[in-house]
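Below, each chain spelled out in residue letters.
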Amino acid sequence: MKSDRYTTIIKILDSLYMEESNLMANLSNTAAVIKEYLGFFWVGFYIVDEKSNQLIVGPYQGPLACGRIEYGRGVCGSSWKEAKTLVVKDVHEFPGHISCSPLSQSEIVVPIIKDGKVMAVLDIDHDKKATFDEEDQKYLERICDEMAKLF
Ligand code: SME
């Protein structure tokens, strides 16, 4: 069951974050754990760069992805701008969706918010349509709440 997998992921991440405080190490291991336990197509982070007002790709697992995303652009830039989770059942129907791989069909983007500011977004793509539901959103938001403390 999906909820069991998320519960396992959360336990693993809790112990990782207790042992390690380095941000890049934790982002890298988080992407790996989510990808391994849930088998999504692409799992990774885009980190807010205040200087350029762009998202810059961070640690990820999956095929090569675009390096920078403008504020308000694509699913990631929109999630950053709106400071809320976006669940996209069919990426072809999301206006301005940025296609990093033609195989990607559905996507969820969850902002990591600290002191009211979006620090990064967790981006997950899958190669099937309508992959992500309220359950994914609930658990991934819980994970991102914990991750906000790492920034
Ligand atoms: N599809 C994203 C771009 C990042 S890739 O999916 C890894 C977007 O529209 O923001």
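These notes cover the structure that comes with them. Model, not experiment: these values are computed from the prediction.

**So, helix H1 (residues 2–19)**
Since there are 3.6 residues in each turn of an α-helix, residues three or four apart along the chain are aligned in direction.
Then step 1. In a regular helix each residue adds 1.5 Å, so 18 residues correspond to 26 Å; H1 covers 26 Å between its end C-alpha atoms and thus fits that length.
Then step 2. Every buried residue belonging to H1 is among Ser3, Tyr6, Ile9, Ile10, Leu13 and Tyr17, and all of these are buried. For H1, the angular spread of buried residues about the axis comes to 115°, placing them on one side. Facing away from the buried side of H1, by more than 90 degrees, are the exposed residues Lys11, Met18 and Glu19.
Then step 3. The inward-facing, buried residues of H1 contact helix H2 (23–38) and helix H4 (134–148).

**Regarding the environment of lysine 129**
Then step 1. Structurally, lysine 129 is set in the loop between strand S6 (117–126) and H4.
Then step 2. When the C-alpha positions of lysine 129 and phenylalanine 40 are compared, they lie 12 Å apart, and in sequence the two are 89 residues distant.
Then step 3. For lysine 129, the contacting residues outside a window of four places in its chain are Lys89, Asp90, His92, Gln105 and Ser106.
Then step 4. At a separation of 3.4 Å, a polar atom in the side chain of lysine 129 contacts the side chain of glutamine 105.

**A word on the pairing of strand S5 (residues 106–114)**
In regular strands, side chains alternate between the two faces of the sheet.
Then step 1. The buried fraction of S5 is high, at 7 of 9 residues.
Then step 2. Two elements, strand S4 (residues 86–88) and S5, share 3 bridges in a ladder whose sense is antiparallel. Paired with valine 88 across the bridge in S5 is glutamate 107.
Then step 3. Taken together, the 9 bridges between S5 and S6 define a ladder with antiparallel strand orientation. Within S6, the residue paired with isoleucine 113 across the bridge is valine 118.
Then step 4. Hairpin connection, S5 to S6: the antiparallel pair is bridged by 2 residues, and aspartate 115 has positive phi, about 50°.

**Brief notes about helix H3 (residues 74–82)**
Then step 1. Counting buried positions along H3 yields 7 of 9 residues, so the element is predominantly enclosed.
Then step 2. Taken as a whole, H3 has its buried residues at Gly74, Val75, Cys76, Gly77, Ser78, Ser79 and Trp80.
Then step 3. The inward-facing, buried residues of H3 abut strand S1 (42–49), strand S2 (54–61), strand S3 (68–70), S4, S5 and S6.
Then step 4. Of the residues one or two after H3, alanine 83 is the one with positive phi, at around 50°.

**Remarks on the environment of serine 28**
Then step 1. Among the secondary structure elements, serine 28 is positioned in helix H2.
Then step 2. Taking relative accessible area as the criterion, serine 28 reaches 31% and is therefore assigned partly exposed.
Then step 3. The sequence separation of serine 28 and arginine 142 amounts to 114 residues, and the corresponding C-alpha distance is 18 Å.
Then step 4. In this structure the side chain of serine 28 is engaged in a polar contact, spanning 2.7 Å, whose partner is the backbone oxygen of methionine 24.

**Some points on the packing of aromatic side chains**
Then step 1. Taken as a whole and assessed by the stated rule, the structure comprises 5 aromatic pairs.
Then step 2. Geometrically, the ring pair formed by phenylalanine 40 and phenylalanine 132 is tilted, given 5.0 Å between the ring centres and 55° between the ring planes. With phenylalanine 40 in the loop between H2 and S1 and phenylalanine 132 in the loop between S6 and H4, the pair connects residues that are 92 residues apart, well separated along the chain.
Then step 3. Plain terms: the ring middles of tryptophan 42 and tyrosine 46 are 6.0 Å apart, the flat faces sit at 25° to each other, and that makes the pair stacked.
Then step 4. Looking at tryptophan 42, the relative accessible area reads 5%, which means it is buried.
Then step 5. What makes tyrosine 46 buried here is its relative accessible area of 1%.

What counts and how
- Residues numbered from 1 in each chain as written.
- Predicted model: local features only at pLDDT ≥ 70, side-chain atom pairs only at ≥ 80, totals over all residues.
- Heavy atoms only, no water.
- Helix = DSSP H or I, 4+ residues; strand = E, 2+ residues; numbered from the N terminus.
- Expected span 1.5 Å × (residues − 1).
- Buried < 20%, exposed > 50% of the residue type's maximum accessible area, 1.4 Å probe, protein only.
- Arc of directions from axis to C-beta.
- Contact = heavy atoms within 4.5 Å.
- Polar contact = N/O pair within 3.5 Å; in protein donor to acceptor, adjacent residues only side chain to side chain.
- Pairing = 2+ DSSP bridges.
- Phe/Tyr/Trp six-rings, centres within 6.5 Å; stacked < 30°, edge-to-face > 60°.

Everything listed is a geometric property; what it means functionally is a separate question.
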